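# A look at the structure
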Amino acid sequence: MNTSVWIDEYQKNSRFGLKGKLLLKKTSIFQEIIVIENEEYGKALMLDGCWMTSSKDEKYYHECLVHPALSSLKKISNILIIGGGDGGTARECLKYPEVSNIDLVEIDKEVIKVSKEFLKEIGGNAWNDNRLSIYINDGVKWVETMKSNFYDVIFIDCSDPSELSNLLFSENFYKQCKRILTKKGILATQSESPESFKKIHINILKALKNTFKVSKTMYSFVPIYPSGIWSWTFASDNESDFLKPNCKKILEIEKQCEIWNINYQDGAFKMMPNKISQEINSL
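Presented here is an overview of the structure given in this document. Remember, it's a predicted structure, so these values are computed and weren't measured experimentally.

Among the residues of helix H6 (residues 171–180), those classed as buried are Phe173, Tyr174, Cys177 and Ile180. The arc enclosing the buried residues of H6, seen along the axis, measures out at 120 degrees, which places them on a common side. Elements in contact with the buried residues of H6: strand E6 (78–83), helix H5 (139–145), strand E9 (151–157), strand E10 (181–190) and helix H7 (198–211).

Turning next to the environment of Asn149. The residue Asn149 is located in the loop between H5 and E9 in this model. Along the backbone, Asn149 and Thr182 are 33 residues apart, and their C-alpha atoms lie at a distance of 4.3 Å.

Turning to the side chain of Asp86, a few remarks are in order. Here Asp86 lies in the loop between E6 and helix H2 (88–93). Of note is the side chain of Asp86, whose polar atom sits 3.2 Å from the side chain of His62. Contact partners of Asp86, with chain neighbours within four places excluded, come to Thr53, His62, Ser115, Ile122, Gly123 and Trp127.

The antiparallel open sheet is built from five strands, whose spatial order is E1-E2-E3-E4-E5. Of all the strands in the sheet, just strand E1 (4–11) and strand E5 (50–54) have a single pairing partner and so form its edges. Put simply, the sheet's adjacent strands are angled 45 degrees from each other on average, direction ignored. When strand E2 (residues 14–27) meets strand E3 (residues 32–38), the two strands line up antiparallel, connected through seven bridges. Directly across from Leu24, in E3, lies its bridge partner Val35.

Remark: H6 packs on H7, axes separated minimally by 9 Å, with the N-to-C direction vectors making an angle of 40 degrees. Taken together, the axis directions place H6 and H7 in an arrangement best described as oblique. Considering how the two elements wind past one another, H6 and H7 form a crossing that is right-handed. For the pair formed by H6 and H7, the contact residues are Glu171, Tyr174, Lys175 and Lys178 on the first element and Ile204, Ala207, Leu208, Asn210 and Thr211 on the second. Considered class by class, the residues forming the contact of H6 with H7 number four nonpolar, two polar and three charged.

Further remarks concern the state of the cysteines. Tallying each qualifying case throughout the model produces zero disulfides. For the unlinked cysteine Cys50, the closest cysteine sulfur is that of Cys158, found at 12 Å. There is no disulfide at Cys93, and the cysteine sulfur nearest it, in Cys257, is 11 Å away.

With that settled, consider the sheet that holds E6. As summarised here, the arrangement of the seven strands in space is E8-E7-E6-E9-E10-E12-E11, forming an open sheet in which the pairing is mixed. The sheet is open, and its two edges are formed by strand E8 (132–136) and strand E11 (214–221), each paired on a single side. In this sheet, adjacent strand axes meet at a mean angle of 15 degrees when their direction is disregarded. In this structure, E11 lies alongside strand E12 (residues 229–236), joined through eight bridges in antiparallel fashion.

Parameters and conventions
Residues numbered from 1 in each chain as written. Predicted model: local features only at pLDDT ≥ 70, side-chain atom pairs only at ≥ 80, totals over all residues. Heavy atoms only, no water. Buried < 20%, exposed > 50% of the residue type's maximum accessible area, 1.4 Å probe, protein only. Helix = DSSP H or I, 4+ residues; strand = E, 2+ residues; numbered from the N terminus. Arc of directions from axis to C-beta. Contact = heavy atoms within 4.5 Å. Polar contact = N/O pair within 3.5 Å; in protein donor to acceptor, adjacent residues only side chain to side chain. Pairing = 2+ DSSP bridges. Axes fitted to C-alpha atoms, helices over the stretch in contact; angles between N-to-C directions. Parallel < 35°, antiparallel > 145°, perpendicular 65-115°, else oblique. Left-handed = near helix turned anticlockwise from the far one by under 90°. Nonpolar A, V, L, I, M, F, W, Y, C, P; charged D, E, K, R; others polar. Disulfide = S-S within 2.5 Å.

Everything listed here is a matter of geometry and, on its own, says nothing about what the molecule does.
Structure (structure tokens):
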């Protein structure tokens, strides 16, 4: 497949596209999978018509999802990643030597297979790290059947709400996540765009606010995503130490990051658009 083609994501009478060499187009038992190689963004992954990641801008997403949580916790032995089939979230987690176990639960084994073949630079050496265990399973069922008080962090690194992933954004699911978190544990989730997916974004924030004692949202940019602006929300029942950075960890981790540092994080947590703030605070 050497022909240069346009691949577009369509949202609300807008389209967000890349032109390049089509490397793969197939359908798994769950979804359509496309990989394209673009001159500017490198190799990019699309699932069921939505851009998931690209080799150029993936660090904007993965570093923002992982480090606000992990850089603030004293104990991070056990981690759960729901989704994350490209390997980027696991890669960032494994930068912390105190992590002893990561359970990555991905429903579609083809996403992992494709990522290992075409997006090797994203997962990197994470796939070969013996601290990472991969389970091909439904994330909702995994959380429902997991024992209580086990994970220090849960990362929800899934695709946009759809028939495949809707339950991962529900209040009932967040309550089950809370149950299996340790007392000081943190739930971290991608929480969509306040611009392209405003209603979904607000529903996620409301559900987390109703479930946990404290939650906080950061905003930054993932150029390949619709409208560019994206968000990540963190929630916990540990109000006293919530997202308070550990200075020793920060100095070590910042050296290994392309996007994230504590100043970037501080600014991103202050970027809630006023229209979102007004609606959330009206609850």
